[in-house]
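Working through the structure, step by step
Given next are the chains, with one letter for each unit.
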Number of protein chains: 2
Amino acid sequence: MLTIADVREAADRIRPVVHRTPVFTSETLDRMAGRSLFFKCELFQKTGSFKYRGASNAVRKLDDAAAAKGVVTHSSGNHGQALALAAKVRGIPATIVMPASASPVKKAAILGYGASVVESGPSLTDREEKVAELRAKSGAAMIPPFDHPDVIAGQGTAALELLEDVPTLDAVVAPIGGGGLISGFTLAAKGFNPNCRVFGAEPTGASAAAQSKTAGDRVKLDSTTSIADGLLANYVGQLTWPYIRDQVETVFTVTEEQIVAAMRLVWERMKLLIEPSAAVGVAVVLSEPFRALTGLSNVGIVLCGGNVALDKLYW
Amino acid sequence: MLTIADVREAADRIRPVVHRTPVFTSETLDRMAGRSLFFKCELFQKTGSFKYRGASNAVRKLDDAAAAKGVVTHSSGNHGQALALAAKVRGIPATIVMPASASPVKKAAILGYGASVVESGPSLTDREEKVAELRAKSGAAMIPPFDHPDVIAGQGTAALELLEDVPTLDAVVAPIGGGGLISGFTLAAKGFNPNCRVFGAEPTGASAAAQSKTAGDRVKLDSTTSIADGLLANYVGQLTWPYIRDQVETVFTVTEEQIVAAMRLVWERMKLLIEPSAAVGVAVVLSEPFRALTGLSNVGIVLCGGNVALDKLYW
């Protein structure tokens, strides 16, 4: 079982390569939320999302012999870019398995960080088989997007910085895809202050964590749909589930309309170009069920990333 | 003649009400510019632009008797919002004269800050007549958008903060509309370090300052056109012209295509939602003529605002 000590070690390990991102506030959003909000700006993190923390922690923790064989993952999103840069910074090869249908822009970004891209079929099985095949040849270490202790501890460093900057937080809110971010947040927040409450945020169209909480066991969704493309996980992880089950107080869900409105609000009023996944937590704190909670004067929210295709608007 | 002492006094005067905005950097843009860039993030200033500095300085400097009569200006843009909030914070009335054709969004923003909006005809003469009429009735102080010593000194406080944070700057780059911002920047930068060079940035479609520099005298343009709507001045000010003439080394002009490309780049790579006027300076430092300049290791740029209509994209 991980503890905050693992998060602190991760923070020391990745400090030379990550940005300590700023914490922003907004009087307008405070008024709308009915409390003081503190936004941890991971959209400014290298590669444009918090994923660079977990990927860097995992890559830097490899011993030299393992590292020399490189790293591999499957991801069509932020984790792929994060692992590509983390490997480049350590000077080791990275291979990112992506479905042939993945966006050319994301493929180009990963190639731009010097990683190799290998195409696979679209299903999770297709991607996992391709990763296994590559590992059999190269011996590369698999760095999964969320279900890995080093990844979880790395993501927790964002919460540690947030709490160091705002020690009076009564709660933190993080979006949930596979659960890596919220597990790291739970570790850091509860370790920092056992009374700090932790809330999850999901789109209604990709609410594996909320449904699992209700069922009392991991629920696997047949399909997911949301503009919050970083949160389209069919199930939460094996390692992340216990954090969600036992330490996340509630997982709130929000509609696509709420997500779009929150994204536009943050763009317009805070001038921060967040991606839809980052708007999910904002939509939660502005929602009636969350506003009805008592005892929450100061709430931290992670604006998890800013990688949004700018060839169209969402409204 | 103003000096850096006036800027320092303005800084003390407005400190309780303005944000000290952060300075951002970007490895990607440094590579593209061929030097180290330091971005003063006035898009995060209250009301979304640096204009709040000058307006606040002017409003706070009024004695109580004058203040009680209120303030007035004509502006369909950032200065109107800035003056409205500055007056609200001091608890005095503000009236903003806007052409009947002004955007309803901007009108709503000004009303939202508690100011009155009075409509006028579209020409400068129409607007000036309306202001004179209002002043004859109320005795309100006219706070113009740029050609006023307190406004100039107030805008200079952005440069002062930038130089305090990055004392090694070799140059600063600021966009020019009427010239208030660059005059304040010149005062602060030359006062802080006489060797600090000052460059101006204009759209080719609104290049009154560049043309005036060439002519050696103030040129009045018959018309202006650019998506950089904050810079659509037909001429630079009487008070601002001596700074531009004598202390701004060069005013560079950039095309609409360069402005749009720079704006998209800052949105995509820096995740900062800048307005077109703020992209003009970025476009300049990325342009060949600027890249060809020598002796400029560290260059400061002001991202002057983030008030951009988000109902369409510009590319």
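Residues numbered from 1 in each chain as written. Chains lettered and ligands numbered in written order. Predicted model: local features only at pLDDT ≥ 70, side-chain atom pairs only at ≥ 80, totals over all residues.

1. Some thoughts on the overall build of chain A
- Looking only at helices and strands, chain A features 14 helices and ten strands.
- A globule of 315 residues ought to have a C-alpha radius of gyration of about 20 Å, and chain A, at 18 Å, matches this closely.
- In terms of overall dimensions, chain A has C-alpha extents of about 55 × 40 × 40 Å along its principal axes.
- The buried share of chain A, reckoned over its 315 residues, is 55%.
- Across chain A, contacts joining residues at least 24 apart in sequence account for 75% of those joining residues at least 6 apart. (Helix = DSSP H or I, 4+ residues; strand = E, 2+ residues; numbered from the N terminus. Rg over C-alpha atoms; globule rule 2.2 N^0.38 Å. Buried ≥ 20, exposed ≤ 12 C-beta atoms within 10 Å, placed from the backbone. Contact = placed C-beta atoms within 7 Å.)

2. Quick notes on the domain arrangement of chain A
Residue and element names in this part refer to chain A.
- What the domain assignment reports for chain A is domain 1 (4-50 + 148-303) and domain 2 (52-142).
- The partner domain 2 presents 14 residues to the 23 residues of domain 1 that form the contact.
- Secondary structure elements with two or more residues in the side of domain 1 that touches domain 2: α1 (4-14) and α8 (149-165).
- With eight residues, the top contributor of residues to the side of domain 1 that touches domain 2 is α8.
- Across the side of domain 1 that touches domain 2, the residue classes tally to nine nonpolar, ten polar and four charged. (Domains from an automatic or database assignment. Nonpolar A, V, L, I, M, F, W, Y, C, P; charged D, E, K, R; others polar.)

3. Observations regarding helix α3 (residues 51-61) of chain A
- By the criterion of burial, α3 of chain A is predominantly enclosed, with nine of the eleven residues buried.
- Those residues of α3 of chain A that are buried are in contact with α1, β3 (71-74), α5 (78-90), α8 and α9 (180-192) of chain A.

4. Points about the sheet that holds strand β7 (residues 171-175) of chain B
All names here are of chain B.
- Strand order across the open sheet formed by six strands is β1-β2-β10-β7-β8-β9, with mixed pairing between neighbours. The open sheet has two edge strands with one neighbour each: β1 (23-24) and β9 (250-254).
- Bridge analysis of β1 against strand β2 (residues 36-41) gives two bridges, and the strand direction is antiparallel. Pairing of Phe-24 across the sheet is with Phe-39, part of β2. (Pairing = 2+ DSSP bridges.)

5. Side note on the sheet that holds strand β4 (residues 94-99) of chain B
Residue and element names in this part refer to chain B.
- On the basis of which strands lie adjacent, the open sheet formed by four strands has the order β5-β4-β3-β6 and parallel pairing. Two strands in the sheet have a free side with no partner beyond their single neighbour: β5 (116-120) and β6 (141-142).
- Here helix α5 (residues 78-90) sits on the sheet in contact with β3 (71-74) and β4, set at roughly 165° to β4. (Axes fitted to C-alpha atoms, helices over the stretch in contact; angles between N-to-C directions.)

6. Let's talk about the pairing of β9 of chain B
All names here are of chain B.
- Across the five residues of β9, four count as buried, placing the element largely inside the fold.
- Judged from the five bridges that link them, strand β8 (residues 197-203) and β9 form a sheet pairing that is parallel. Bridging across to β9, Ala-201 finds its partner in Phe-252.

7. Digging into the packing of helix α8 (residues 149-165) of chain B against helix α9 (residues 180-192) of chain B
Residues and elements named next belong to chain B.
- With their axes 7 Å apart at the nearest point, α8 and α9 run at an angle of 50° to one another. Between α8 and α9, the angle falls in the class oblique. Judged by the sense of rotation from one axis to the other, the crossing of α8 with α9 is right-handed. In this structure, α8 uses Val-151, Ile-152, Ala-153, Gln-155, Gly-156, Ala-159, Leu-160 and Leu-163 to contact α9, whose residues at the interface are Gly-180, Leu-181, Ser-183, Gly-184, Phe-185, Leu-187, Ala-188, Ala-189 and Phe-192.
- Class assignment of the residues belonging to the contact of α8 with α9 gives a composition of twelve nonpolar, five polar and no charged. (Parallel < 35°, antiparallel > 145°, perpendicular 65-115°, else oblique. Left-handed = near helix turned anticlockwise from the far one by under 90°.)

8. Focus on the interface of chain B and chain A
- Facing the 13 residues of chain B at the interface are 13 residues of chain A.
- Its residues placed into classes, the side of chain B that touches chain A shows eight nonpolar, two polar and three charged.

9. Points about the relation of the copies chain B and chain A
- Expressed as a screw operation, the relation of chain B to chain A combines 0.0 Å of axial shift with a rotation of 180°, fitting to an RMSD of 0.0 Å. On this basis, the relationship between the two copies can be described by a two-fold rotation axis.
- Looking at the interface residues of chain B, 100% of them are also at the interface in chain A, so both copies use one shared face. (Least-squares fit on C-alpha atoms with pLDDT ≥ 70 in both.)

10. Describing the packing of helix α1 (residues 4-14) of chain B against α8 of chain B
All names here are of chain B.
- Here α1 crosses α8 at 90°, and the two axes come no closer than 8 Å. It follows from the interaxial angle that α1 and α8 lie roughly perpendicular. Across the interface between the two elements, Asp-6, Val-7, Arg-8, Ala-10, Ala-11 and Ile-14 of α1 pack against Ala-153, Gly-154, Gly-156, Thr-157 and Leu-160 of α8.
- Grouping the amino acids of the contact of α1 with α8 by side-chain chemistry returns six nonpolar, three polar and two charged.

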